[in-house]
Every structure is written in C-alpha cells, then in structure tokens.
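Secondary and tertiary structure notes
Next come the chains, spelled out residue by residue.
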Amino acid sequence: MLRNVSLFLLQADTAIDGAKLYPPCVVEIAGLHLKDPTPLDEELQSIMDNAKSGVVYFSYGSVVKMSHLPREMIEAFLTTFERLDQVVLWKTDLDTTDVTIPRNVHVKRWFAQTGILAHPNCKLFVTHGGLSSMMEAVRAGVPVVGTSFYGDQIINLANAEYLAVMVYTYKENALRRSAIFNDKPMPPLENAVYWIEYVIRHKGAHHLKPIAAHIPWDMLFHFDVYHLFLATILAPICALCMEKKRIRNEKVREVIGVGVEKDIVHDIRSKQLVWHGHVRRMADV
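About the thresholds
Residues numbered from 1 in each chain as written. Predicted model: local features only at pLDDT ≥ 70, side-chain atom pairs only at ≥ 80, totals over all residues. Heavy atoms only, no water. Pairing = 2+ DSSP bridges. Helix = DSSP H or I, 4+ residues; strand = E, 2+ residues; numbered from the N terminus. Axes fitted to C-alpha atoms, helices over the stretch in contact; angles between N-to-C directions. Contact = heavy atoms within 4.5 Å. Patch = residues over 30% accessible without salt bridge, like charges linked within 9 Å, V, L, I, M, F, W, Y side chains within 5 Å. Areas by Shrake-Rupley, 256 points an atom, 1.4 Å probe, with all protein chains shown as cover. Salt bridge = Lys/Arg side-chain N within 4 Å of Asp/Glu carboxyl O. Phe/Tyr/Trp six-rings, centres within 6.5 Å; stacked < 30°, edge-to-face > 60°. Buried < 20%, exposed > 50% of the residue type's maximum accessible area, 1.4 Å probe, protein only. Lys NZ or Arg CZ within 6 Å of the ring centre and 35° of its normal. Disulfide = S-S within 2.5 Å.

1. Considering the sheet that holds strand β5 (residues 105-108)
Across the sheet, which stays open at both edges, the five strands sit in the order β5-β4-β3-β6-β7 with parallel pairing between neighbours. Looking along the sheet, the strands with just one partner apiece sit at the ends: β5 and β7 (144-146). Adjacent strand axes in the sheet meet at a mean angle of 15 degrees when their direction is disregarded. Where strand β6 (residues 122-127) and β7 come together, three bridges link them in parallel fashion. Bridge assignment links Thr127 to a residue of β7, and that residue is Gly146. Packing against the sheet, helix α5 (residues 131-140) makes contact with β6 and β7, and its axis sits at approximately 165 degrees to β6.

This is the structure we're talking about:
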C-alpha cells in the first residue's frame, strides 16, 4: 500500500519543526485549518487594550483539563499569577468558587485564542504544546512557555526550544519564525488543492515517488550491506578458530599416539615374558 501512495500531505512546517529531507511527493500544509483571528468581544478587547504591562494567555487546550490537576499545582499557578504585573487570561474548567482568584487574573472556560494571540499586547503564551496551539503562536509571533503532558506535545516543545521560540530568548526570534511561517507562495489550502489536482492530472504522478519506494525491503534497510560487512569480519575469525582447533587436535593426537605406542610395547613385552616363562616351565617339565 505504501508503494502505491502518490501524495503525502503533512501538517508540518519548517518554521515549526525545522528542515527535513522530503521527496517531491511529500507536501507540507501546516496551517491548513487556521482561520483569520477571531474578533474579540468588547470586554476582552478592553482588557487587552488597557493592559499596560501586557497580557499572559494561559491555556492547556481542550484535552488537558485543569480540574484533573492537583490542587497544590492550581494554588501554585494562582500564587505566581498574583505576583505578575501582566494581566493573565486563564482558560480553565475549574470551579472558581472554592479558590481565590487574583485581581489581575480573568478566568473563562473558553477564549478566542487566535484573536488573543494576534493582539499586540499578548506578551506570552503558556501552553501544553499541542500542534495547533504551537502553529497559532508561531503565526502570531508570540513566545511560549510549555508544559508537555503526552504525545506530540513533547517533540513540539523540544522543536520550539531548538528553534529559539521559547521565552528565554528574544521576542525577535518568535517574530522571525512568524515571518517564515507566513511567507508562502499560496495559502496551505490552495497548496493542498493544487497538489491533489496535480496528482490527478498526471495519473497518479508516480514520477514524484522516490526510487526507495520500489527497492526491496532488504536492500532498502541495507541488510545486503550488513551481510557483506558481517561476512568480511566473521570469515577471518572463523578461519582462525578452525586453525586453532586443527592445531589443538594434532597435539592431542600426538599425545594420544605416544601413550598408545607405549601401551602396545609394554603389552607386547609382557606377553613375551609370559611366553618365555611358559616355555621355561615346559622345558623344566
């Protein structure tokens, strides 16, 4: 089945996970699902416009539930937020009636994330490292602080650190990645449509497939080279072992041969003595 695939559309981008070696049949379409930033409501727009020191947006997405985190961690978050000069927008499903929310923290179950990240007053995005969140942050040029939990979140945040998008670097790095991400000859959706139609026009576009798609698996994974390499190493070792065994056997045969010869001589002499003794006794009689 893999050998018959004409086109791979990947949710990846050089600005997010670095450069890769892809054959022509692999096309990156990161941001295909991204839409224009959602307009903020009047209350949220006013909060972000009037935040003199900027806004920190904190969201762990729709999968990681804040209510599942230990209470000690929630209290640590709130204590840290209270010390900040920035306004904190916290997307959470927590029941806030049994916790004390600092004055600079605004809590909701849902925020217009793309609109918040696109606002010039958004200084930092605290995220779980989901791919969609990372794409939206890179597109908006917002630095991130990440806490990965599972799955692709770990590698996504590792890529962000490697590509200098993490907050301990300058914001210019985040803006540079944003410029790379947004600098495309056509939108991701149009790019995907173009390549799908290209494959249809060229009857599967098999010319885009790499030669590796038609190589037998043993050659593809270089087992033939490994076999030759092992044979080159093992052949002298086997020859040496066989030579040692031959020399050892010769020595054993020599030792055994001397012992047998002595036994034969001794046995012959014993029989002669017995015979001569018998003859003497016969003569005496």
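Now, onward.
2. So, a nonpolar patch on the surface
A cluster of nonpolar side chains, Trp217, Leu220, Phe221, Phe223, Val225 and Tyr226, forms an exposed patch at the surface whose accessible area comes to about 620 Å². Elements that contribute at least two residues to the nonpolar patch include exactly α9 (217-220) and α10 (223-284). Here the nonpolar patch takes three residues from α10, the largest share from any one element. Positionally, Val225 belongs in helix α10.

3. Section: the packing of aromatic side chains
Two measures describe an aromatic ring pair: the distance that separates the ring centres and the angle between the ring planes. Following the criterion strictly, the structure yields 13 aromatic pairs and no others. Seen in terms of ring centroids, Phe81 and Trp90 are 5.6 Å apart; in terms of plane orientation they differ by 75 degrees. Their pairing is edge-to-face. As far as the burial class goes, Phe81 and Trp90 line up, both buried. Against the face of Phe181 rests Lys184, its NZ or CZ located 5.2 Å from the ring centre.

4. Regarding the state of the cysteines
Note on terminology: a disulfide is the covalent bond linking the sulfur atoms of two cysteines. Scanning the model with the defined rule gives zero disulfides in all. No disulfide involves Cys241; its sulfur sits 6.4 Å from that of Cys238, the nearest cysteine. Its relative accessible area of 47% is what places Cys241 among the partly exposed residues.

5. As for the pattern of salt bridges
For the structure on display, the rule yields seven salt bridges. Between Glu75 and Arg71 there is a salt bridge whose closest N-O contact spans 3.1 Å. Of this pair, Glu75 and Arg71 both sit in helix α3 (residues 71-83), four residues apart, roughly one helical turn. A relative accessible area of 42% places Arg71 in the partly exposed class. Here Arg71 makes a salt bridge to Asp98, at a shortest N to O gap of 3.7 Å. Of the two residues, Arg71 sits in helix α3 while Asp98 sits in the loop between β4 (87-91) and β5, which places them 27 residues apart along the sequence. Each of the salt bridges in this network shares a partner with another, and the network as a whole consists of Asp17, Lys20 and Glu28.

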